[in-house]
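Next come the chains, spelled out residue by residue.
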Amino acid sequence: MVDIAKFFLEFTVDESCGKCTPCRLGNKRLLELLTKVTEGTATMEDLDTMEKLCYYIKENSLCGLGQTAPNPVLSTLRYFREEYEAHVKDKVCPAHVCKKLVRFEIDKDKCIGCGICARQCPASAIERTDYVAAGHKLASMAINQEKCVKCGACVGACKFHAIDKA
Ligand code: SF4
Ligand code: SF4
Ligand code: SF4
């Protein structure tokens, strides 16, 4: 829902003719705050600011575009607030949509260490790791989260369904 609100707001920011300030600048500021939510950098105060800004834009814009532009944000904040709060408090996107909050992980119990995923990774983020289980030295792969660009190519490459998106 957070992503859907962002989609509609991006559209109205593009469509704003710029004649009045509440719509021209208000919606841009609102989009900046919403982007912070999707990147896990927003605070609970930002959510309150977004709500106030929505009402300000609605009440002070000259035409229907500005007067309705904040509606997707307002209605999702009202009915899906827990999704916003998950992004802000837990730094988690429950729908696994917001790229900056998604993590790809390899389940070492399923991974056979074939290395196919590593060859598909455009960021060279998948590295071999050895571990010991029941006295045997085993090979697995692990994702370096610092290097991962969250493209998801590795998920499709693994025939053993060993890579999960969390
Ligand atoms: S509310 Fe209407 S007039 Fe004002 S900037 Fe937006 S599109 Fe233009
Ligand atoms: S493709 Fe799958 S099984 Fe092969 S190394 Fe990667 S995660 Fe492991
Ligand atoms: S999501 Fe993309 S960048 Fe990240 S490990 Fe998988 S293939 Fe590499």
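Here is a short report on the structure shown in this document. (Residues numbered from 1 in each chain as written. Chains lettered and ligands numbered in written order. Predicted model: local features only at pLDDT ≥ 70, side-chain atom pairs only at ≥ 80, totals over all residues. Heavy atoms only, no water.)

**Some words on the packing of helix H1 (residues 2–15) against helix H2 (residues 21–38)**
Consideration 1: Where H1 meets H2, the axes come as close as 10 Å, and the angle between the chain directions of the two elements is 155 degrees. In terms of axis orientation, H1 runs roughly antiparallel to H2. The crossing of H1 and H2 is left-handed. Across the interface between the two elements, Val2, Ala5, Lys6, Leu9, Glu10 and Val13 of H1 pack against Asn27, Lys28, Leu30, Leu31, Leu34, Thr35, Val37 and Thr38 of H2.
Consideration 2: Of the residues in the contact of H1 with H2, the class split is 8 nonpolar, 3 polar and 3 charged. (Axes fitted to C-alpha atoms, helices over the stretch in contact; angles between N-to-C directions. Helix = DSSP H or I, 4+ residues; strand = E, 2+ residues; numbered from the N terminus. Parallel < 35°, antiparallel > 145°, perpendicular 65-115°, else oblique. Left-handed = near helix turned anticlockwise from the far one by under 90°. Contact = heavy atoms within 4.5 Å. Nonpolar A, V, L, I, M, F, W, Y, C, P; charged D, E, K, R; others polar.)

**Observations concerning the side chain of Glu83**
Consideration 1: Mapped onto the elements, Glu83 comes out in helix H6 (residues 81–89).
Consideration 2: An unpaired buried charge is present at Glu83: no salt bridge exists, and Arg81, the closest side chain of opposite charge, is 13 Å distant.
Consideration 3: Those residues in contact with Glu83 that sit more than four places away from it in its chain are Met1, Val2 and Pro94. (Buried < 20%, exposed > 50% of the residue type's maximum accessible area, 1.4 Å probe, protein only. Lys, Arg positive; Asp, Glu negative; His and termini not counted. Salt bridge = Lys/Arg side-chain N within 4 Å of Asp/Glu carboxyl O.)

**Quick look at the packing of helix H3 (residues 44–60) against helix H5 (residues 71–79)**
Consideration 1: At their nearest, the axes of H3 and H5 sit 9 Å apart, and the two run at 140 degrees to each other. In terms of axis orientation, H3 runs oblique to H5. Where H3 crosses over H5, the handedness of that crossing is left-handed. For the pair H3 and H5, contact is made by Leu47, Met50, Glu51, Cys54, Tyr55 and Lys58 and by Asn71, Val73, Leu74, Leu77 and Arg78, respectively.

**Observations concerning the pattern of salt bridges**
Note on pairing: side chains with opposite charge can pair once their charged atoms come close.
Consideration 1: As enumerated under the stated definition, the model contains 10 salt bridges in all.
Consideration 2: For Glu32, the salt bridge is made with Arg29, and the minimal N-O distance between the two is 2.8 Å. Taken together, the residues span about one helical turn, with Glu32 and Arg29 both in helix H2 at a distance of 3 residues.
Consideration 3: Look at Glu32 and you get partly exposed, because its relative accessible area is 42%.
Consideration 4: According to the relative accessible area criterion, Arg29 is partly exposed, its value standing at 38%.
Consideration 5: Ionic contacts of the salt-bridge type, sharing partners, join the residues Asp48, Glu51, Arg81, Glu85 and Lys89 into one network.

**Describing the environment of Gly40**
Consideration 1: Within the secondary structure, Gly40 sits in the loop between H2 and H3.
Consideration 2: Judged by relative accessible area, which is 11%, Gly40 ranks as buried.
Consideration 3: The spatial distance from the C-alpha of Gly40 to the C-alpha of Tyr84 is 9.9 Å, given a sequence separation of 44 residues.
Consideration 4: Ignoring sequence-local partners within four residues, the contact set of Gly40 consists of His87, Lys91 and Leu101.

**Examining the packing of aromatic side chains**
Consideration 1: Scanning the entire structure with this criterion turns up 1 aromatic pair.
Consideration 2: Their ring planes at 75 degrees and their centres at 5.4 Å tell us that Phe7 and Phe8 sit as a pair that is edge-to-face.
Consideration 3: When its relative accessible area of 39% is taken as the criterion, Phe8 is described as partly exposed. (Phe/Tyr/Trp six-rings, centres within 6.5 Å; stacked < 30°, edge-to-face > 60°.)

**What to know about the site of ligand 3**
Consideration 1: Looking at ligand 3, the residues that line it are Phe104, Cys121, Pro122, Ile126, Ile143, Cys148, Val149, Lys150, Cys151, Gly152, Ala153 and Cys154.
Consideration 2: Class assignment of the residues belonging to the shell around ligand 3 gives a composition of 10 nonpolar, 1 polar and 1 charged. (Near = heavy atom within 4 Å.)

**Regarding H1**
Consideration 1: Compared with the 20 Å implied by 1.5 Å per residue over 14 residues, the 20 Å span of H1 between its first and last C-alpha is a close match.
Consideration 2: All of the buried residues along H1 are Val2, Ala5, Lys6, Leu9, Thr12 and Val13. Projected down its long axis, H1 shows its buried positions confined to an angular sector of 130 degrees, all on one face. Residues Phe7 and Asp14 are exposed on H1 and point more than 90 degrees away from its buried face.
Consideration 3: Packed against the buried residues of H1 are H2, helix H4 (64–68), H5 and H6. (Expected span 1.5 Å × (residues − 1). Arc of directions from axis to C-beta.)

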